Amino acid sequence: MENFDIVLALTRIALQEDNARVRQQVQNLKKRLSKTDKAQAAKIARLLDRESRRQSMTPIMLKEMQATAKAAECRLPGETLTPSTPFPTDRETGAPLASVLFPDSMDSDPPILNGQLEAAIRDVLNEWQHSKKLDRIGVEPHTRCLIYGPPGVGKTKLARYLAKCLNLPCVEARLDGLVSSFLGTTARNIGALFDFAHRYRCVLFLDEFDAIAKARDDAQEIGEIKRVVNTLLQSLDRRHGRGITLAATNHDHLLDTAVWRRFDARIHLDVPDEEARAKLLAQFAKPLRLEKPERKLLVWATERMSGGDIETLVAAGKRFMVLHGGESKEGRPRSKRGQTLLEALRQQAILNARLFTSDRSASLTGNQEKLVQSLLEATLTQQEAGALMGLSQSAISRRTKCDAYPN
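To start, this report covers the structure provided alongside it.

Conventions we followed
- Residues numbered from 1 in each chain as written.
- Predicted model: local features only at pLDDT ≥ 70, side-chain atom pairs only at ≥ 80, totals over all residues.
- Heavy atoms only, no water.
- Salt bridge = Lys/Arg side-chain N within 4 Å of Asp/Glu carboxyl O.
- Helix = DSSP H or I, 4+ residues; strand = E, 2+ residues; numbered from the N terminus.
- Buried < 20%, exposed > 50% of the residue type's maximum accessible area, 1.4 Å probe, protein only.
- Core = buried A, V, L, I, M, F, W, Y, C linked by side-chain atoms within 4.5 Å.
- Contact = heavy atoms within 4.5 Å.
- Pairing = 2+ DSSP bridges.
- Axes fitted to C-alpha atoms, helices over the stretch in contact; angles between N-to-C directions.
- 1 Å grid on protein atoms, 1.4 Å probe; cavity = no way out; pocket = protein on both sides within 12 Å on 5 of 7 lines; lining within 4 Å.
- Points joined across faces, edges and corners; volume = space filled by probe spheres on them.
- Nonpolar A, V, L, I, M, F, W, Y, C, P; charged D, E, K, R; others polar.
- Phe/Tyr/Trp six-rings, centres within 6.5 Å; stacked < 30°, edge-to-face > 60°.

Bringing the pattern of salt bridges into the picture now. Summed over the entire model, instances satisfying the criterion amount to 13 salt bridges. We note a salt bridge from Asp107 to Lys157, for which the minimum N-O separation is 3.4 Å. Taken together, the residues span a long stretch of sequence, with Asp107 in the loop between strand S1 (98-101) and helix H5 (115-129) and Lys157 in helix H7 (residues 155-165) at a distance of 50 residues. For Lys296, the salt bridge is made with Glu384, and the minimal N-O distance between the two is 3.2 Å. Taken together, the residues Lys296 in helix H13 (residues 292-301) and Glu384 in helix H18 (residues 382-389) connect sequence positions 88 residues apart. Of the residues examined, Glu384 reaches a relative accessible area of 13% and is grouped as buried. By sharing partners, the salt bridges in this structure join Glu303, Asp359 and Arg360 into a single network.

Next comes the structure, spelled out in structure tokens:
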């Protein structure tokens, strides 16, 4: 289809109206495209799937998000930021200091987090909904949050989600434009960026924060970094009470101690636990539906993986299954799909060993007896392990060192 990008954008806007007739027409569009261009049909299908997830949110959750956004809009000062607003740039190079994401273009799906952290994030958002009650006791909602943790755990996604819930544009610092080799320019760029964020009602998001917030006592750094950090501290102080500031870093140990104190919330995102991994795997595996033994296998194999690593692994598994016959053309599972999935994991344990913990990698690439024992310890039954390995239950029993595992 010609001008498909325009059609896709219009479809995204139309689906936001929550109109059954519009949705039916989009379904018809997907069916027609599936006969002529499967890639375009897949993009429409993803839009429909995203809209279904949005509509599955309870009315109470939607009402809470709207109330939170309204409270933030009333409380925060500043002008309205629009797509036509001129963005600040580096004087020397002309590079933009920030990019802006508007609420309509941000994903409304909440990030998949470990249980306690998910509840804590919900409380942070609820603070804005009940900001008047907080005022009565002399406190205010969190306005400065530092998000830290290993790469790929969803720090950027969480920052954008918070901005989406508050219905505010997300001004994301462009470090390639912010950090300059010219003496004094980086500090000047930081000042210009904060001046821009002060003027408009928005969320300021400083990604890769350690690049501009390094400890000033680092012997490897020159005096310029001290000027940069001092400017940053002054800018953070000036922004207090005028807007929301989020920062993210993979290297929290590099941050200056004075920078830590400027943030009233410090959110540690760690790798997902078992429950979160199961949800991520189900999300990334679409349009495939994982059977129970496959879910158990993948949750076991992805221990200590970040969300980004899990997405990489699932994509590699899908490619392997298509190339090696583990998936039918219609997308329905074949009887030997589980065996093909296990073969895909074995291949990735060789080609991309960094993804796996040492014991998972050793089990996947070792002998059958070791793998059988590992799968049974991962709560798979002998029947499930046998189906994944292409062995009978009696063969599985002979390979176990004891008969204490469930049948």
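Here we come to the nonpolar core. Core analysis: the biggest nonpolar cluster contains 35 residues, and Val171, Phe209 and Leu232 have the highest contact counts within it. Put simply, the parts of the chain that give this core at least two residues each are S1, strand S2 (144-148), strand S3 (170-173), helix H8 (175-178), helix H9 (185-199), strand S4 (203-206), helix H10 (223-239) and helix H11 (257-261). Among the elements that take part in this core, H10 stands out by supplying six residues, more than any other. For Leu232, the residues in contact, after removing those within four places along its chain, are Ile190, Phe194, Phe209, Ile212, Ala213 and Val259. In terms of nonpolar packing, the next biggest core, distinct from the first, is built from 32 residues, Ala285, Leu371, Met389 and Ile396 among them.

Attention now moves to unusual backbone geometry. With omega at 10 degrees, the peptide bond leading from Lys286 into Pro287 counts as cis. Within the element layout of this structure, Pro287 appears in the loop between helix H12 (274-285) and H13. The backbone of Asn167 shows a phi angle near 55 degrees, a positive value even though the residue is not glycine. Among the secondary structure elements, Asn167 is positioned in the loop between H7 and S3. One non-glycine residue, Thr379, lies in the positive phi region at around 75 degrees. With respect to the element layout, Thr379 can be found in the loop between helix H17 (368-377) and H18. For Thr379, a relative accessible area of 52% translates into the label exposed.

As a further point, take the sheet that holds S1. Read across the open sheet, the six strands follow the order S1-S3-S4-S5-S2-S6; overall the sheet is mixed. Bordering the open sheet on either side are S1 and strand S6 (265-268), each of which pairs with just one other strand. In this sheet, neighbouring strand axes are inclined to one another by 20 degrees on average, regardless of whether the strands run parallel or antiparallel. Note that S4 and strand S5 (residues 244-249) share four bridges and pair parallel. If you follow Leu204 over to S5, its bridge partner there is Thr245. Contacts from H9 reach S1, S3 and S4, with the element oriented near 155 degrees to S4.

Under the counting rule described, the total for this entry stands at two cavities of 30 Å³ or more. Taken as a whole, the largest cavity encloses approximately 160 Å³ of empty space. The wall of the largest cavity is formed by 17 residues, among which Leu298, Val314, Gly317, Met321 and Leu341 lie closest to the centre. When residues of the lining of the largest cavity are assigned to their parent elements, the largest contribution, six residues, is made by helix H14 (residues 307-323). Across the lining of the largest cavity, the residue classes tally to twelve nonpolar, two polar and three charged. Of the volumes computed, that of the second largest cavity is approximately 70 Å³. For the second largest cavity, the full set of lining residues is Val124, Leu125, Trp128, His142, Cys145, Leu162, Leu166, Val203, Ile244 and Leu246. Breaking the lining of the second largest cavity down by element, the ones donating at least two residues are H5 and S5.

Let us look at the environment of Arg12. For Arg12, the location among the structural elements is in helix H1 (residues 4-15). On the accessibility criterion, Arg12 (35% relative accessible area) is partly exposed. The spatial distance from the C-alpha of Arg12 to the C-alpha of Leu48 is 8.8 Å, given a sequence separation of 36 residues.

Moving on: the pairing of S6. Burial of the side chains of S6 is restricted to one face: Ala265 and Ile267 are buried, whereas none of Arg266 and His268 on the reverse face is. Taken together, the four bridges between S2 and S6 define a ladder with parallel strand orientation. By the bridge assignment for S6, Leu146 is matched with Arg266.

Within this structure, the stated rule accounts for four aromatic pairs. Both rings, one in Phe87 and one in Phe196, keep their centres 6.0 Å apart while their planes meet at 90 degrees; by these two values the pair is edge-to-face. Taken together, the positions of Phe87 in the loop between helix H4 (59-75) and S1 and Phe196 in helix H9 put the pair 109 residues apart, joining distant regions of the chain. Residue classification places Phe87 among the partly exposed residues on the basis of a relative accessible area of 31%. Consider the rings of Phe196 and Tyr200, whose centres lie 5.1 Å apart with planes at 50 degrees: the pair is tilted. Here the two residues Phe196 and Tyr200 agree in accessibility, since each one is buried. Connected via pairs of aromatic rings, a cluster forms that spans Phe87, Phe196 and Tyr200.

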